[in-house]
Amino acid sequence: METFTLNDGNQIPKVGIGLNQVRSADVGPVLARAFEVGYRSVDTANTYLNERAVGRAVRDSGLPRDEIYLTTKVWSTESGYTRMSAAIDRTLERLDTDYLDLLLVHQQYGDYNGSWKAMEDAVGAGKVRSIGISNFNRRRLTDLISRATVLPAVAQIERHPYFQQREQKEFLEQFGTVVGGWFPLGRGNRELLAEPLFAELGRKYGKSPAQVILRWHLQGDTIVIPGSTDPAHIRSNLELFDFTLTAQEMDRIAVMDKNERFHNLPEPVERIIFQSMRMDYDKRQR
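Attention here is on the structure that accompanies the text.

Conventions adopted
- Residues numbered from 1 in each chain as written.
- Predicted model: local features only at pLDDT ≥ 70, side-chain atom pairs only at ≥ 80, totals over all residues.
- Heavy atoms only, no water.
- Helix = DSSP H or I, 4+ residues; strand = E, 2+ residues; numbered from the N terminus.
- Rg over C-alpha atoms; globule rule 2.2 N^0.38 Å.
- Contact = heavy atoms within 4.5 Å.
- Areas by Shrake-Rupley, 256 points an atom, 1.4 Å probe, with all protein chains shown as cover.
- Lys, Arg positive; Asp, Glu negative; His and termini not counted.
- Charge placed at Lys NZ, Arg CZ, Asp CG, Glu CD.
- Buried < 20%, exposed > 50% of the residue type's maximum accessible area, 1.4 Å probe, protein only.
- Pairing = 2+ DSSP bridges.
- Right-handed = clockwise from strand over helix to strand, strands pointing away.
- Core = buried A, V, L, I, M, F, W, Y, C linked by side-chain atoms within 4.5 Å.
- Phe/Tyr/Trp six-rings, centres within 6.5 Å; stacked < 30°, edge-to-face > 60°.
- Lys NZ or Arg CZ within 6 Å of the ring centre and 35° of its normal.
- Axes fitted to C-alpha atoms, helices over the stretch in contact; angles between N-to-C directions.
- Parallel < 35°, antiparallel > 145°, perpendicular 65-115°, else oblique.
- Left-handed = near helix turned anticlockwise from the far one by under 90°.
- Nonpolar A, V, L, I, M, F, W, Y, C, P; charged D, E, K, R; others polar.

### Here we look at the overall build of the protein chain
Then, number 1: Scanning the protein chain from terminus to terminus reveals 13 helices and 10 strands.
Then, number 2: The C-alpha radius of gyration of the protein chain comes to 18 Å, within 12% of the 19 Å expected for a compact globule of 286 residues.
Then, number 3: Overall, the C-alpha framework of the protein chain stretches about 55 × 45 × 35 Å when taken along its three principal axes.
Then, number 4: Considering only intrachain contacts with a sequence separation of at least 6, the fraction spanning at least 24 residues in the protein chain is 76%.
Then, number 5: Accessible area for the protein chain stands at about 12,700 Å²; split by element, carbon and sulfur atoms hold 48% of it.
Then, number 6: In the protein chain, 37 positive and 38 negative side-chain charges are present, and the distance between their average locations comes to 3 Å.

### Quick word on the pairing of strand β6 (residues 100–105)
Then, number 1: For β6, a buried count of six out of six residues is recorded, marking the element as mostly surrounded by other parts of the structure.
Then, number 2: Judged from the four bridges that link them, strand β5 (residues 69–74) and β6 form a sheet pairing that is parallel. For Thr 72, the partnering residue across the bridge sits in β6 and is Leu 103.
Then, number 3: As for the winding sense of the linkage, the β-α-β connection from β6 through helix α4 (residues 112–124) to strand β7 (residues 128–134) is right-handed.

### Some details on the nonpolar core
Then, number 1: Of all hydrophobic cores here, the largest spans 69 residues; its most connected members are Ile 17, Leu 31, Val 42 and Val 54.
Then, number 2: For Val 42, the residues in contact, after removing those within four places along its chain, are Ile 17, Leu 19, Leu 31, Phe 35, Val 54, Ile 68, Tyr 69, Leu 70 and Thr 71.

### Looking at unusual backbone geometry
Then, number 1: Residues other than glycine seldom take positive phi values, yet Gln 21 does so here, at roughly 65°.
Then, number 2: Although it is not a glycine, Asn 259 adopts a positive phi angle of roughly 55°.
Then, number 3: Turning to its location among the elements, Asn 259 is positioned in the loop between α11 (247–254) and α12 (267–275).
Then, number 4: On the basis of relative accessibility, which here comes to 60%, the residue Asn 259 falls in the exposed class.

### Comments concerning the packing of aromatic side chains
Then, number 1: All told, the structure shown has four aromatic pairs when counted by the stated rule.
Then, number 2: Consider the rings of Tyr 112 and Phe 136, whose centres lie 5.4 Å apart with planes at 75°: the pair is edge-to-face. In this pair, Tyr 112 is assigned in helix α4 and Phe 136 in the loop between β7 and α5 (138–147), connecting sequence segments 24 residues apart.
Then, number 3: Above the plane of the ring of Phe 171 lies Arg 138, whose end atom (NZ or CZ) is 4.2 Å from the centre.
Then, number 4: A cation over a ring is seen here: Lys 258 above Tyr 162, with NZ or CZ 4.1 Å from the ring centre.

### Some remarks on the pairing of β5
Then, number 1: For β5, the buried fraction is high: six of the six residues fall into the buried class.
Then, number 2: Neither face of β5 is exposed, since Tyr 69, Thr 71 and Lys 73 on one face and Leu 70, Thr 72 and Val 74 on the opposite face are all buried.
Then, number 3: Here three bridges tie strand β4 (residues 41–43) to β5, and the two strands are oriented parallel to one another. From the neighbouring strand, Val 42 faces β5, where its bridge partner is Leu 70.
Then, number 4: Running through helix α2 (residues 51–61), the crossover from β4 to the neighbouring parallel element β5 is right-handed.
Then, number 5: You can see the chain leave β5, run along helix α3 (residues 81–95) and come back into β6, and the turn it takes is right-handed.

### Overview of the packing of α3 against α4
Then, number 1: Interaxial distance between α3 and α4 falls to 7 Å at its minimum, and their mutual angle equals 45°. Between α3 and α4, the angle falls in the class oblique. The element α3 and its partner α4 pack so that their crossing is right-handed. In this structure, α3 contributes Tyr 81, Met 84, Ser 85 and Ile 88 to the contact, and α4 contributes Gly 114, Ser 115, Lys 117, Ala 118, Met 119, Asp 121 and Ala 122.
Then, number 2: Across the contact of α3 with α4, the residue classes break down as six nonpolar, three polar and two charged.

Below is the structure:
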């Protein structure tokens, strides 16, 4: 599996399997199939409520722990130094692992600077190898970086051909922060997948439109974590390393940017929802 080098010197696979909205009962079969076809990177989160199932699947795979790159995210209701420190320990217990390869702050609300300090200390204690952020806007990201001792290694943002976020990506790159794109296929948007350009390039390279889009991400130095429970899609989403888009083709995709999000809940509403969502993640795990 090809990797990106992070600003802390660690390596992260370019492609992982995302487990958002994957039920705990389905995690085992999904990851068994993913590991069988070659995935070695798994992306989950406290709020996906499937971390215990992920831990079981990793253990049952028989693969050495150091061959699997494990990413999870802590929700903003656990913000602040004390809450984040405790949340990290509970997360490790749920995932049945001694360390996380990558830990992210899932949202930009609450005391994210206190959370970041706890994450930095977790790196020092060997509980976490790399740390990063998810869904931070420029203002809050600048605030966090100005106070940080350890720079974010990864920043997950919504990114796809209709919402390319080039300015945000360029801003992050000055810190050596690698972008991870969620909704890499635009949440399966039919209009996006039906773009004639992707059909044209698919015919040229013998690939599906989805594979062409995922390859565009990789050549744009973006980690992709597509999620699926379909065995055929799990396999095809990894078959991205036997073709290369030309510079001209990359440019043709670049002009498709519409600045169109597929997750666009107004920020004040988001804040209310996130602050009211304190959950007992342990009791809700399966």
